[in-house]
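Architecture and fold: a report
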Amino acid sequence: MDKQRRKFLKIAGATALAGISAPVVVNLTGSPAVASAAKNQASAQAAAAGGHGDDTAPKGVKLGLLIDMRKLYGHPELLDKATQACNKAHNIPKIDNKKSEIKWIWKTPFANAFTDQSTSNASYTTRNNDFLVLCNHCAEPPCVRVCPTKATFVDKKTGIVAMDFHRCIGCRFCMMGCPYGARSFNWMDPLPFIEELNPDFPARMRGVVEKCNFCGERLALGKEPACVEAVKEAGAIIFGDLNDPNSEIRRILDKEHTIQRQAAYGTKPSVFYIV
Amino acid sequence: MYNKGTIIPGLIIFVLLITFPLWFNAFSKASTVPKVELPPGGQKECVAPAAEMRANHMVLLNEWRDDVLRDGNRVAVKVGGVEYRKGLQTACMACHTNKEKFCDTCHVYTSVKPFCWDCHLTPSVLAAKKETN
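Residues numbered from 1 in each chain as written. Chains lettered and ligands numbered in written order. Predicted model: local features only at pLDDT ≥ 70, side-chain atom pairs only at ≥ 80, totals over all residues. Heavy atoms only, no water.

1. Some remarks on the interface of chain B and chain A
At the interface, 18 residues of chain B touch 28 residues of chain A. Each partner contributes to the roughly 2000 Å² buried at the junction of chain B and chain A, and carbon and sulfur atoms together form 57% of this total. Summed over the shared surface of chain B and chain A, the number is two salt bridges. At the junction of chain B and chain A, the tally comes to 10 residue pairs in polar contact (both at pLDDT 80 or more). (Contact = heavy atoms within 4.5 Å. Buried area = accessible area lost by both parts, 1.4 Å probe. Salt bridge = Lys/Arg side-chain N within 4 Å of Asp/Glu carboxyl O. Polar contact = N/O pair within 3.5 Å; in protein donor to acceptor, adjacent residues only side chain to side chain.)

2. Some details on the packing of helix α1 (residues 4–18) of chain B against helix α2 (residues 20–27) of chain B
The axes of two packed helices give the description: the angle between them and the distance between them. Residue and element names in this part refer to chain B. One can describe the packing of α1 onto α2 by two numbers: an axis separation of 4 Å at closest approach and a directional angle of 55 degrees. When the interaxial angle is binned, α1 and α2 end up oblique. On the side of α1, the interface is formed by L16, L17 and I18, while α2 contributes F20, P21 and W23. Partitioning the contact of α1 with α2 into residue classes produces six nonpolar, no polar and no charged. (Axes fitted to C-alpha atoms, helices over the stretch in contact; angles between N-to-C directions. Helix = DSSP H or I, 4+ residues; strand = E, 2+ residues; numbered from the N terminus. Parallel < 35°, antiparallel > 145°, perpendicular 65-115°, else oblique. Nonpolar A, V, L, I, M, F, W, Y, C, P; charged D, E, K, R; others polar.)

3. Details of the confidence of the model for chain A
In the predicted model, chain A carries a mean pLDDT of 89, and the fraction of residues at 70 or more is 87%. Low pLDDT, under 50, characterises residues 34–39 of chain A; the stretch is placed with zero contacts to residues that sit more than four places away or in other chains. (pLDDT = per-residue confidence, 0-100.)

4. Examining the environment of E100(B)
All names here are of chain B. Considering the arrangement of structural elements, one finds E100 in helix α5 (residues 99–109). When its relative accessible area of 38% is taken as the criterion, E100 is described as partly exposed. Spatially, the C-alpha atoms of E100 and P123 are 9.9 Å apart, while their sequence positions differ by 23 residues. Ignoring anything within four residues of it in the chain, the contact list for E100 reads T105 and S124. Side-chain polar atoms of E100 contact the side chain of S124, separated by 3.0 Å. (Buried < 20%, exposed > 50% of the residue type's maximum accessible area, 1.4 Å probe, protein only.)

5. Brief notes about the pattern of salt bridges
All names here are of chain A. Enumeration according to the criterion identifies 21 salt bridges over all chains in this entry. Its salt-bridge partner being D68, residue R70 comes within 3.0 Å of it at the nearest N-O pair. The buried category is assigned to D68, whose relative accessible area is 4%. Residue E224 is joined to K232 by a salt bridge in which the shortest nitrogen-to-oxygen separation is 2.9 Å. On the accessibility criterion, E224 (28% relative accessible area) is partly exposed.

6. A few points about the nonpolar core
All names here are of chain A. Within the largest apolar cluster, 43 residues are counted, with the highest numbers of intra-cluster contacts made by L65, I67, L134, F214, I237 and Y273. For this core, the secondary-structure elements that each account for two or more residues are β1 (63–68), α3 (76–89), β2 (105–109), α4 (110–113), β3 (130–134), α9 (226–230), β8 (237–241) and β9 (271–274). Once you skip the residues sitting within four places of it in the chain, I67 turns out to touch L72, L132, L134, A236, I237, V271, F272, Y273 and I274. Formed by 12 residues, the second largest nonpolar core is a distinct cluster that contains C143, V144, F185 and V208. (Core = buried A, V, L, I, M, F, W, Y, C linked by side-chain atoms within 4.5 Å.)

7. So, the pairing of β1(A)
Residues and elements named next belong to chain A. Within β1, six of the six residues are buried, which leaves it mostly tucked inside the rest of the structure. Taking every second residue as pointing to the same face, both faces of β1 are buried, with L63, L65 and I67 on one and G64, L66 and D68 on the other. Both β1 and β8 contribute to a ladder of five bridges, which runs antiparallel. What sits directly across from G64, in β8, is G240. Relative to β9, β1 runs parallel, the two being bridged by four bridges. Among the inter-strand pairings, L66 is bridged to a residue of β9, identified as F272. (Pairing = 2+ DSSP bridges.)

Set out below in structure tokens:
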């Protein structure tokens with residue numbers, strides 16, 4: 001009996017050793033392709049873990065928006081026009097209550113829009129003009145990371161951070177995750193508060209979170225986003241593919257100095273401002 | 001057999017009672033299958049043949065939903081030279097303009113309560129909103 005037990009322990013020990021050392025042996029003898037793939041993965045992970053400043057080579061379409069505030073200073077009516085066009089296009093309810101209001105694109109003072117920028121001794125223009133803000137459609141969206149149902153997700157084809165109301169369970173984690181306050185929760189049925197219904201777009205139900213969708217439904221029809229179209233004559237909002245070297249937005253980004261909202265958070269916003 | 005006189009009538013009463021819903025429905029008028037109203041525009045064809053639409057419209061709608069929202073595939077479906085934009089509001093409601101008579105009659109009859117209409121706007125809702133404005 002004792003002898004059998006010793007034998008069993010020996011075999012068990014030998015098997016455990018073999019099991020532990022197997023990956024090493026596989027790595028040593030594995031084909032170079034497999035080995036290099038593992039290495040690539042490791043370096044990709046290292047890059048992802050690295051600082052937020054370094055951008056890896058951009059791939060695919062990443063839609064972005066550039067707001068040239070120089071063309072909007074002193075024209076608050078243009079900001080309102082863009083907001084109204086958006087509200088109308090997306091059946092956004094008008095609720096006059098800070099807690100319950102629904103905002104996709106709205107105006108706010110510089111100090112609120114760029115909370116990480118100093119406003120001490122700011123210029124007269126900076127202090128006395130509102131800035132147009134909306135969902136930044138970040139390349140690293142925190143809202144997507146925290147959504148338990150994947151109701152909010154990044155559209156791989158366009159880079160739009162989209163919402164699927166069918167999946168939203170109203171937990172509002174995404175609102176906690178978003179550092180820009182770009183998401184709104186429907187505390188009540190929005191239908192009675194919608195002033196003018198757009199038959200091409202649905203309304204929402206109580207208990208879902210909503211946000212700017214970069215007018216995905218209009219892009220599909222070959223139109224520009226509603227806000228871009230609304231202030232077209234001022235040419236203040238430029239929309240396009242950030243990764244396309246020939247797009248207008250890319251050309252302006254290459255030429256002008258732009259700022260992003262709360263860039264230090266590392267969310268990599270796709271909305272740029274010339275101030 | 002003991003107590004034949006009680007058991008047999010008892011069994012008959014039991015069977016009658018348990019099958020009550022079946023024969024009651026068979027003879028009552030509540031069980032008549034509703035007749036849906038066809039599109040007022042006189043359209044005869046849809047995205048798929050009527051029988052298939054009747055059986056699988058919910059599957060099609062779910063597929064369209066995922067195509068449009070999740071996969072960014074909003075390309076219109078072309079059937080028999082007619083283009084249908086993927087969408088409950090845009091495609092279906094363009095022909096079947098009376099949701100109350102077309103959708104609800106069957107859904108009420110079968111007690112199926114889809115939540116599509118919590119968000120998607122029916123022509124009657126759109127019309128009501130226009131009147132109040």
